[in-house]
Each structure stands twice: as C-alpha cells, then as structure tokens.
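# Architecture and fold: a report
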Amino acid sequence: MSSGAWRERYVDIDGVRTHYLEAGEGETILLIHGGGVWSCAELNYGPVFPYLSDHFRVVAVDVPGFGLTDGRAPQHFSETARGDFLVRFLRSLGTKVHLGGNSVGGWLALYLALEVPELVQSLHLINSGSVVVSDRRDDDETRYDPRWAVPATRPTAAWIRRELREFYLNSAVITDERVELTLAMASRNYDFAVARQLATGTTSEERNRYLWYRGRPISEHVGTLAMPVLVSWSRENRGASVAQALPTFDRLAAAEMHIWVGAGHHVQVEYPESWSAVVRTFIETRAGPGGRR
C-alpha cells in the first residue's frame, strides 16, 4: 500500500464529503469495498492500483460510514439507500464504468448495475455472499456473525492482529502498515458501525430485509443483466462457498468465473497481480470497445 500509487480525492454527494482514490487514465473501473468495520477503499483495493492503473482509470470509493467518508443518518443505513448514494457518486464521475464489488460491495455493485445499466459496461462480483445467499433463512450459518463486521468492544491493536491472522491466508499481507491502518479505520468508524448493525440486524433473516431488491432476493434478478459479468471466488472464502455461488452464476447470461485456491475473503489483496490480470483480460476481451458482448 502506497499513497504514491493514487491520488486522494473528495466530492460532495448529498452534502457528504465523500472520499475516494483515483489513478490512471482510460476506461474507468469503479471498485466498492465490503461492510466490515475497517473496510475502506485503501485496505480493500490499494494493492491492485499499481497493476490496474497502468491500463485504466481506477476509482475506489469510501462508502458513507467507512474509511474517510463520514456516516449518514439512520434513514440512510439500508443497502438500498447506500446503493442510491452510489448511483449519484457514479454519475459524478461523468462516464460509464466497469464496476466491481467485494462482499456486500458486490451487492451494491449489482444494485447499481440493475438501477443504471446504461452506465455499467461490465460487472465484477468478488466473494459476494451478500448476493448469492441473500435468500437464505436464519439457519445457524455464520455468514452474518456480528464479530465479522463489528467487534463487541472497541478494537485494539491486539484484536486487529488476531482478526487479520484469521482473515488472510497469506501472512505476508499482514504488515505493520496494514495493521496500523486497519486499526485507524476501525476506531474511526466503530460507533457508526455499531449503530448501523443495531438498526439493520445481526441474523440472516433480519439482514435479508436489507439485501432483497424489489421484494425478492437480488440474486434472482441477475438474469436480466445484459452486460458481461466476471465472478471471482476463493475456495477458502470466509462466508459463501463456491458451491453456494454457482446457482447465481448459472443465471447469468454472459459471464466468466475464476476460482482462487489459498485465498481468503479479499482475494484481490492476497493475489493482487494475478487478480488484476484476470480483470484486465476480461475487460479487454469481453467488455472493452472491441470485446464480445
């Protein structure tokens, strides 16, 4: 992670000073992070900037209440409200995008693709259990274990190190720099994360109220997508398994699926070079100006 790999940007969206990272030129890739208390543009996507920005304009945004973007009021806590906010952020970029999201960021990316398909050239879902199992009832599965998103007490450096050792299979990722930034983001946004979790629920059944789209699980809508879709999954993903992702993949009209072995929930962090190469090839062959639709 190096701030020299991108430029820090801010834009006003609905009165919120919204932080994002930007680098490179060309077609735009917009990346959306997940929903953990420490999730943010830099921690989720910083490692891929050097590999993608040589070929594309890369933008990674901090959703309200994450990273360096302040949280909003409770009426804006739902995924739909966050999705509508990101529609306005997307419009502020002034161009069509190749859109990617990790975890619940995949749900938000899919929401944008369904709401404003004219602005989305391709969609990339990365270990997004929020998309593929949002129709599950509460059956003791731990996908929504609140410890994942929000710890019971304010984070400490010791908690962060334990969390990252469980989160990443590649221990080389857990640098002092990453630990320090993870703690800073978790501490900054902890109070907002607690309030949002209490409002949106901690069980699968409660969370599904916020993960459905137009009255149905959002995965049931993917068959309507006209743009090509890239699905990245980890065999050891912390959350939905490859087998759970396959029914959603089978509904897609134009798609590729790539599976990594030996990576956790942030495959793009543990394998930034190979992941970026897959993304670049997909865009250039399936979704670029001369690509197959």
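What comes next is a walk through the structure.

Criteria and thresholds
Residues numbered from 1 in each chain as written. Predicted model: local features only at pLDDT ≥ 70, side-chain atom pairs only at ≥ 80, totals over all residues. Heavy atoms only, no water. Helix = DSSP H or I, 4+ residues; strand = E, 2+ residues; numbered from the N terminus. Buried < 20%, exposed > 50% of the residue type's maximum accessible area, 1.4 Å probe, protein only. Pairing = 2+ DSSP bridges. Axes fitted to C-alpha atoms, helices over the stretch in contact; angles between N-to-C directions. Left-handed = near helix turned anticlockwise from the far one by under 90°. Contact = heavy atoms within 4.5 Å. Nonpolar A, V, L, I, M, F, W, Y, C, P; charged D, E, K, R; others polar.

## Describing unusual backbone geometry
In this model, D14 sits at a positive phi of 55 degrees, which is unusual for a non-glycine residue. Looking at the element boundaries, D14 is found in the loop between β1 (7-13) and β2 (16-23). You can call D14 partly exposed: its relative accessible area is 39%. Even without a glycine there, the phi angle at S103 is positive, about 60 degrees.

## Re the pairing of strand β4 (residues 57-61)
Among the five residues in β4, five count as buried, and that is most of the element. Residue alternation in β4 divides its side chains into two sets, R57, V59 and V61 and V58 and A60, and both sets are buried. Sheet topology places β2 next to β4; four bridges connect them, and they run antiparallel. Bridge pairing in β4 places A23 opposite V58. In the sheet, strand β3 (residues 28-32) pairs with β4 via five bridges, with the strands oriented parallel. Note that in β4 the partner of I32 across the bridge is V61.

## Overview of the sheet that holds β4
Pairing between sheet strands relies on hydrogen bonds along the backbone, with the strands arranged either parallel or antiparallel. With mixed pairing, the eight strands of this open sheet are ordered in space as β1-β2-β4-β3-β5-β6-β9-β10. If you trace the sheet from one side to the other, it starts and ends with β1 and β10 (255-260), each paired once. Each strand of the sheet is rotated relative to its neighbour by a mean of 20 degrees, with strand direction disregarded. Sheet analysis places β3 next to strand β5 (residues 97-102), joined by five bridges and oriented parallel. Residue pairing in the sheet places T28 in a bridge with V97 of β5.

## Some details on the pairing of β2
With seven of eight residues buried, β2 lies mostly within the body of the structure. The sheet contact formed by β1 and β2 spans seven bridges and is antiparallel. By the bridge assignment for β2, I13 is matched with V16.

## Side note on the packing of helix α3 (residues 79-93) against helix α4 (residues 104-115)
Axis separation between α3 and α4 bottoms out at 9 Å; the angle between their running directions is 65 degrees. Classified by chirality, the crossing of α4 by α3 is right-handed. On α4, the residues touching E79, T80, R82, G83, D84, L86, V87 and L90 of α3 are V104, W107, L108, Y111, L112 and E115. Classifying every residue of the contact of α3 with α4 by side-chain character gives eight nonpolar, two polar and four charged.

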